[in-house]
Structure formats: C-alpha cells, structure tokens
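# Overview (structure and organization)
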Amino acid sequence: AIEIYMLDTNGDYTLSARTISYGYIGTTQTIEAGDMEGCSVDTAMSHLSDVIASDGSTVLKIYYARNLYTVTFGDNKPVEVYYGAAIPVPADPESTEEGKVFAGWAPEVPATMPADNLVFEATWEAGVYTITYVINGVTEEPIPYTYGENVATPATPRVGGLVFTGWAPEVP
C-alpha cells in the first residue's frame, strides 16, 4: 500500500490518500514523491522504499509538509503562515496624517497563503465627512465633504426681523 499524508494548516499530518500497490514478494518497492506546490517532502517522516513482505504488510508513506512563508503588513512584525492557510490580516492601522483614512492594503490580500512571501502596504485616502445643518428647527439633508474641500454654507437664514449671527458650532 502507499499512503500520502499532508500537513494541515494547524501543523498536524492527516492521511489524504491511500492506494494499493502490487509487486513481487521479496523485491524492493520504491516510490518517488512528486512535486506539490507550496509543499516539501518530509524525508524524516516518509518511508519511500521497502522490501515487499509476503503477508501484505508493506506500506510506503509520503509525508508532504506545507512550507512556511512570511507575510508583512506595513510596519507590523512579519509572521509566518503555512501555504494554503488563511492569511491573518491585522486591524486597520490608524492614520498619522490629519484627514486621511485607511483605504486598504496593496496589493489586495488573497484569502489563503500562496507559495511565496508577501508584503503589503497600507493605502490612504482623504476622509469623507458630513455636515448637517439645522435651520430654524428644521434638519436639512446631510452634505458630504471630502477632507480639505471647501465647505459651502447655506444661504443666510432669515427669520422675521431677527439678525443671523453665525453657525454653532462654527462651520470649518
């Protein structure tokens, strides 16, 4: 028999395939481990050659270990992730620049770890804010503004003979 074991993303080996192999009693049977993306043959665990026993008890085993690759997000400490495992994305970073908000990671983060080291950088964009005016007790539709954009105030409200003295709080 030939058994193929695969290291899972938690670091444990599980049987992934088993086939029956035929040969002549007393002869040596050898299997060659094929290439598998993101994996290496664990030669310490694998049993790739043996003499075929008369009782049918000969079992050759191939153990494929998932390779570890490094993922780095901006200034965060690099982490190692097994090939095929979910990539642990850190919390969104805080902007150090006024008016900028986190827009995502570049390049786009794949769902699972490919067979390569990855580096991601934070991308930033101007924040969008809303201003809602309340005029004479009536709430107007909120108006979105991009940070840094000039804010246009509504026309000066008129109420009877009262004099308008400004907005509270002051419009930026």
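Residues numbered from 1 in each chain as written. Predicted model: local features only at pLDDT ≥ 70, side-chain atom pairs only at ≥ 80, totals over all residues. Heavy atoms only, no water.

## A look at the sheet that holds strand β2 (residues 13-19)
- Reading across from one edge, β2-β1-β6-β4 is the order of the 4 strands in this open sheet, with mixed pairing throughout. Either end of the sheet is taken by a strand with one partner, and the two such strands are β2 and β4 (39-41). Across the sheet, the mean angle separating the axes of adjacent strands is 25° when strand polarity is ignored.
- Strand direction decides the pairing type here: strand β1 (residues 2-7) and β2, joined by 6 bridges, are antiparallel. Its bridge partner lying in β2, Met6 is registered against Thr14. (Pairing = 2+ DSSP bridges. Helix = DSSP H or I, 4+ residues; strand = E, 2+ residues; numbered from the N terminus. Axes fitted to C-alpha atoms, helices over the stretch in contact; angles between N-to-C directions.)

## Here's the deal with the nonpolar core
- Counting residues in each nonpolar core, the largest one holds 19 residues, and the members touching the most others are Val71, Phe73, Ile87, Met113 and Phe120.
- If you list the elements that add at least two residues to this core, you get β1, β6 (60-66), β7 (68-73), β9 (100-106) and β10 (118-126).
- Beyond its immediate sequence surroundings of up to four residues, Phe73 is in contact with Ile87, Pro88, Val89, Pro90, Trp105, Val109 and Phe120.
- In terms of nonpolar packing, the next biggest core, distinct from the first, is built from 5 residues, Tyr133, Ile135, Tyr145 and Val171 among them. (Core = buried A, V, L, I, M, F, W, Y, C linked by side-chain atoms within 4.5 Å. Buried < 20%, exposed > 50% of the residue type's maximum accessible area, 1.4 Å probe, protein only. Contact = heavy atoms within 4.5 Å.)

## Examining the confidence of the model for the protein chain
- Here the protein chain averages 90 in pLDDT, while 100% of its residues score no lower than 70.
- The weakest mean pLDDT in the protein chain belongs to strand β12 (residues 134-135) at 84; the strongest belongs to β7 at 96. (pLDDT = per-residue confidence, 0-100.)

## Brief notes about the pattern of salt bridges
- A full pass over the atoms with the stated rule returns 1 salt bridge.
- Of the charged contacts, one joins Glu3 and Arg18 as a salt bridge, the two residues approaching to 2.8 Å between their closest N and O atoms. With Glu3 in strand β1 and Arg18 in strand β2, the pair connects residues that are 15 residues apart, well separated along the chain.
- For Arg18, a relative accessible area of 46% gives the class partly exposed. (Salt bridge = Lys/Arg side-chain N within 4 Å of Asp/Glu carboxyl O.)

## Some points on the environment of Leu60
- With respect to the secondary-structure elements, Leu60 resides in strand β6.
- Judged by relative accessible area, Leu60 falls into the buried class, the value being 0%.
- With 59 residues separating them along the chain, Leu60 and Ala1 place their C-alpha atoms 6.3 Å apart.
- Setting aside chain neighbours within four positions, we find Leu60 in contact with Ala1, Ile2, Glu3, Gln29, Thr30, Ile31, His47, Leu48, Ser49 and Asp50.

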